[in-house]
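# Structural overview for review
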Amino acid sequence: MGLFILRRLGVMLLTALCLTFIVFWLTNLYPNLEKLAKTQGNFRMSDEAVTSYLTNRGYLEPMPLKFGQWLGVVPGYVNEGSDGKIIARCFSGDTPVEERSRYCGILQGDWGFSTVFKDDVGSLVATRLALTGKLMFFVMLLMVPTALLIGVLAGMREGSKLDRSLSTASILTTATPEYVSGVIFIAVFASSAFGLKWFKGSATSAMESANFENFFLPVLTISLYGMGYIARMTRASMTEVMTAQYIRTARLKGVKFSDIVMKHALRNALIAPFTVIMLQIPWLLNGVVIVETLFNYKGFGWLLVQAASNNDIELLLAVSVVSVVVVLVTQLISDIGYVYLNPRIRIS
Amino acid sequence: MEPLSWTGSLAGLNLFLLLALGIMAVAIAAQIVVGIVGTAGGRAVNADGTLSSDEGLSGFLGMIVKYAFFAVVAIGLAYVIGGILLGTGAGIIGGMARQFLPVWVALILTFAVSLAFKRKLGLYGKLFDSTVGMIGFGLVMFWVFTGFFGGLLGLIITHDTLSQFSGMKNALPGMPLSGASETDFQWFLLGGDNLARDVFSRLIVGSWIVVLIAPLATLFAFMVGITLGLPAGYYGGKLDTFLSFLANLILAFPVILLFYLLVTPEIVLTGIPNYMAAVLFIFPVIFFTVLLNARYYTQPSVRTPLLIVVIGALFWAYLSLISNDGAIVANDSYVIPGLPTMLDWIPMPPEILVVFVSVVFVNSPTVFRIVRGLALDIKTRDYVAAAQTRGEGPWYIMLWEILPNARGPLIVDFCLRIGYTTILLGTLGFFGLGLESESPDWGTTINAGRRLLSIYPHAAIAPAVSLLTLVLGLNLLADGLREESLRD
C-alpha cells in the first residue's frame, strides 16, 4: 500500500510538471506575449518597443530557463532597462543589495505577480479559493445526500414506478448543463418577465454574506448537473446489491424490507458511489467556472476566466496548478478509498 | 396588428391541457407513494387451482396515469395539427407548428418506415421496441431535420438571421414585425434579441451548426480513441503506460482552461490548432487503412486496388479538411502549403476548425480509456485465443475480433458523447470562444442573451431549452439503446 501511494505520488508530480509546462508554453507563445505587452504598456506600441519591453522583463529568454525561474530552480533574471533602472524578477530596483534574493519561484513559495489585478498571486488565489470553497461546501451539502437518497430509493425496487420516475429525473438533470439550468432558473425565479422574483439573479452579495435568497440558485445550478450522474451510479450499484445472494437469504429469513435496505444493502451499495463522488469534484470545477461567471460570484472560477482571457501568465499558472492538484488528489483519494472500503480488493 | 398570444384561437384547449397535466402529476405522485407502501390487490383462488388478482390501487392509478398521458399527447397533437391548419391563427405555437411542417413530414416518414421494417433493421430496429428510446430518437431526429431543412435548405426560417429590423429590439414573442411588407413573414415568433434580430430563425439556423459539428467531432474522437485504445489494451506494457499517461494528462486539465488556452485568436495566429488538426484528422485514414489491410492482406489482388482507392479518397478528404486557401498553416512568418483551392472540396472556416479540433482533443482521451478497458476485458475471451491460435495478426484480432464485440457499449457511449459534445460546444459559445459573436449557434446566443436575462429572458431561454431537448433526446436514445443491446 505504501509503495502504491508513493508511486502514485511520483506520477502525480510528473503529471503536474508536464501540465504546468504545457500551460507555460502556451501562455508564453509570442502572440500572447505581444498582447500582454500591449495591454500592459500601451496599444500603439511599436514592434521594437514590444521587444524591448519583453526582453527587459525576461519574457524572451529560452522557454526552459523561464520555466526554471518560475519553478525556482534557476536564478531569476536581472536586466538593466533602457533608462538604467534594474528590472529583476525577484526584487524591485530599490531593494537593498544584501536583501536581494537570487531565486524566487514556487519552490520558494513565491507565486509571482498578477498583471491584471496588480496583486500578489498567492494571496489572490487564496482569497478566491476560500470563496469557491464556501460555494463547493454548500454544493456538496445539497448534492451528495440528495443524490444518494434518489439513487437508493430508485435502486431498491428496480423497475418500479418510483424507479422509473427518479431515473427519468436523473437523466433530465444530467442532460441539463449549468449554463442552461442557470439561465432557466434566473429567468423563472429571478426575472421580471415571470414576475416570481423569489431569488436574486446575482450572487455578488453572497461573497460577504451568503443567505438563501442570493446563494441558493448558484448552489442548485451546480448540484443539479452532478446530482443525476451520482444518483444513476448509486442506483446501478444498489440494484446490483439487491440481487445478491445474501439479500435473498435475508428476504427468505423474513427480515423486514426496510431493515434489508438500511442494514444489509446500503453499506455495500455505497462503495461505488464514493469513487464517483470523488471523481465528480474535478467536474464540478467546470460547473463552478460557468456558474461563477453567470451569477457574477467572484471566486476561483471567475479568477480563471479573468486570468485566461487577459493572458495573465503567472496567475493562470497558479490557477492551473491548483486545479490540477485538485484533480490528481481526488483521483488518489478515490483509488485509496476504493481499496480501503472494499475488503475483496484489500486482501487480494 | 395585434401581438400573437401563445395559443391564439386554440386557447380553449389550454384548460384541458392543464387539467390533464395536473391529473397526471397527482396520479404519478400517488403511484410513488403507493409504490413505497407496496399494496397488492386482492387475490382469489379459482376452482381450477389458478390464482387471479384484481389490479388493486396501483393498477387503478396506473390506468389514470396512462389515460392522462394519452390526453396530454392528444392535446399536444391538437396544437400541432391545429397550428398546421390555422398557422398564426393558432398563436405562436400554431405559427411555429406550420413553419416546422417539413420536419413533421420527415419525422412521420422516418417513424413509419422504421416501424414497418423494424425486425429487419438490427439494433436500430430494436430501438423501436422501447418507449424511452423512441422518444429520444424522436427528439434527436426533430433537431436533425430542423437543422437540415432550416439551416441547410433555408425552409423553416421566417427572417434572415443577420439582418436587424428596426423597432424589434428585445421584442417579446409574437410581436408583429413593424414596417413589414407584403412578402415578409408578419411576426417575430419568438421575439427579437438585443440586436433586433429574429430569435426563432437564429435558433433554427443555429441548430444546423450543432447538429453538424457535434456528431462529426464525436466520430473523429472515436477514431482517435479506437486507433490508440485498442493497441494500448491489447499489447499493454510500455505502450499502454505511455498512452495512458498522455490520456490522463489531458483529462487532468480543466476543460474550460484548455479551451481558453487553445481557442484564442493569439493561439490561432501561431497555427497550433492547424498542427493539432493535422495530427488528429490523420487517425481516420490510419484506422481505415489498417482495418482493410488486416482483413484483405492475404488476397493482394483485392487488397491493393481497394487500398489505393480508399487511401486516395480519404487522404484527399484529409488534405481538404486541414488546408484552407491553399495552405495548411499560414501566418506572418511562414506558410506550409496544402491542397490548392480548386481541389479543396471541404470549406472549413478557421474558427470552426479551432472549435472542432479542441472538442475532438478533449473527447478523445475519454474514448481512449473506454476502448482500452473494453479491449483489456475482451482480449481474455476464447474467440481471441482461437484467433491467436489460427495465427491471425494482432491488428486483425483487434479490429475484426475485439472491436465488433465491443460495439454495444461503444454505440451507447457514442450517443451519450454526442450529447456531451453538444454541451461542450455550448460551453465554448457561452464563454464567447471560437465562433464569431454573430454566429447563431446556441451557446453564443445564450451568451449574448444572458446579459439581459432579468428583463428579457426569451432570447436566452429559446436556445437553452433547445439545447436541453437535444441533449435529453441523445441521453434517452442512449438509454434505450443500452436497454435493447443488453436484452440479447
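Details of the structure are given in the entry above.
Since the structure is predicted, the reported quantities are computational estimates derived from the model, not experimental observations.

Reading the values: rules and limits
- Residues numbered from 1 in each chain as written.
- Chains lettered and ligands numbered in written order.
- Predicted model: local features only at pLDDT ≥ 70, side-chain atom pairs only at ≥ 80, totals over all residues.
- Heavy atoms only, no water.
- Helix = DSSP H or I, 4+ residues; strand = E, 2+ residues; numbered from the N terminus.
- Buried < 20%, exposed > 50% of the residue type's maximum accessible area, 1.4 Å probe, protein only.
- Contact = heavy atoms within 4.5 Å.
- Areas by Shrake-Rupley, 256 points an atom, 1.4 Å probe, with all protein chains shown as cover.
- Lys, Arg positive; Asp, Glu negative; His and termini not counted.
- Charge placed at Lys NZ, Arg CZ, Asp CG, Glu CD.
- Buried area = accessible area lost by both parts, 1.4 Å probe.
- Salt bridge = Lys/Arg side-chain N within 4 Å of Asp/Glu carboxyl O.
- Polar contact = N/O pair within 3.5 Å; in protein donor to acceptor, adjacent residues only side chain to side chain.
- Nonpolar A, V, L, I, M, F, W, Y, C, P; charged D, E, K, R; others polar.
- Patch = residues over 30% accessible without salt bridge, like charges linked within 9 Å, V, L, I, M, F, W, Y side chains within 5 Å.
- Axes fitted to C-alpha atoms, helices over the stretch in contact; angles between N-to-C directions.
- Left-handed = near helix turned anticlockwise from the far one by under 90°.

### What to know about the overall build of chain A
Counting its secondary structure elements, chain A contains 14 helices and four strands. The buried share of chain A, taken over its 348 residues, is 48%. Partitioning the contacts of chain A with sequence separation of at least 6, the portion at a separation of at least 24 is 66%. Carbon and sulfur atoms provide 64% of the accessible area of chain A, an area that totals close to 16600 Å². Between the averaged position of the 30 positive side-chain charges in chain A and that of its 23 negative side-chain charges there is a distance of 16 Å.

### Notes on the interface of chain A and chain B
Taken together, the contacts link 54 residues of chain A with 45 residues of chain B. Buried area between chain A and chain B, both sides added, is near 4300 Å², and the carbon and sulfur share of it is 79%. Where chain A touches chain B, the interface holds two salt bridges. For the salt bridge of glutamate 266 of chain B with lysine 35 of chain A, the shortest nitrogen-to-oxygen distance reads 3.8 Å. Across the chain A-chain B interface, the total number found is four residue pairs in polar contact (both at pLDDT 80 or more). Among the elements of the structure, α1 (2–27), α2 (30–40), α6 (161–174), α7 (178–190), α8 (212–242), α11 (271–294), α12 (300–309) and α13 (313–341) of chain A are those that each provide at least two residues to the side of chain A that touches chain B. In terms of residue count, the dominant contributor to the side of chain A that touches chain B is α1 of chain A (ten residues). In terms of residue class, the side of chain A that touches chain B is built from 37 nonpolar, 13 polar and four charged.

### Thoughts on a nonpolar patch on the surface
On the surface, a nonpolar cluster with roughly 1100 Å² of combined accessible area is contributed by Leu57, Phe60, Met63, Tyr67, Phe69, Phe70, Val73, Leu77, Ile81, Leu85 and Leu86 of chain B. You can see phenylalanine 60 of chain B is positioned in helix α2 (residues 56–86).

### Observations regarding the packing of α11 of chain A against helix α17 (residues 407–430) of chain B
Where α11 of chain A contacts α17 of chain B, the axes come no closer than 12 Å and their chain directions differ by 35 degrees. The interaxial crossing formed by α11 of chain A with α17 of chain B has left-handed handedness. In this structure, α11 of chain A contributes Trp283, Ile290, Thr293 and Leu294 of chain A to the contact, and α17 of chain B contributes Tyr420, Thr427 and Phe430 of chain B. For the contact of α11 of chain A with α17 of chain B, the class distribution of residues is five nonpolar, two polar and no charged.

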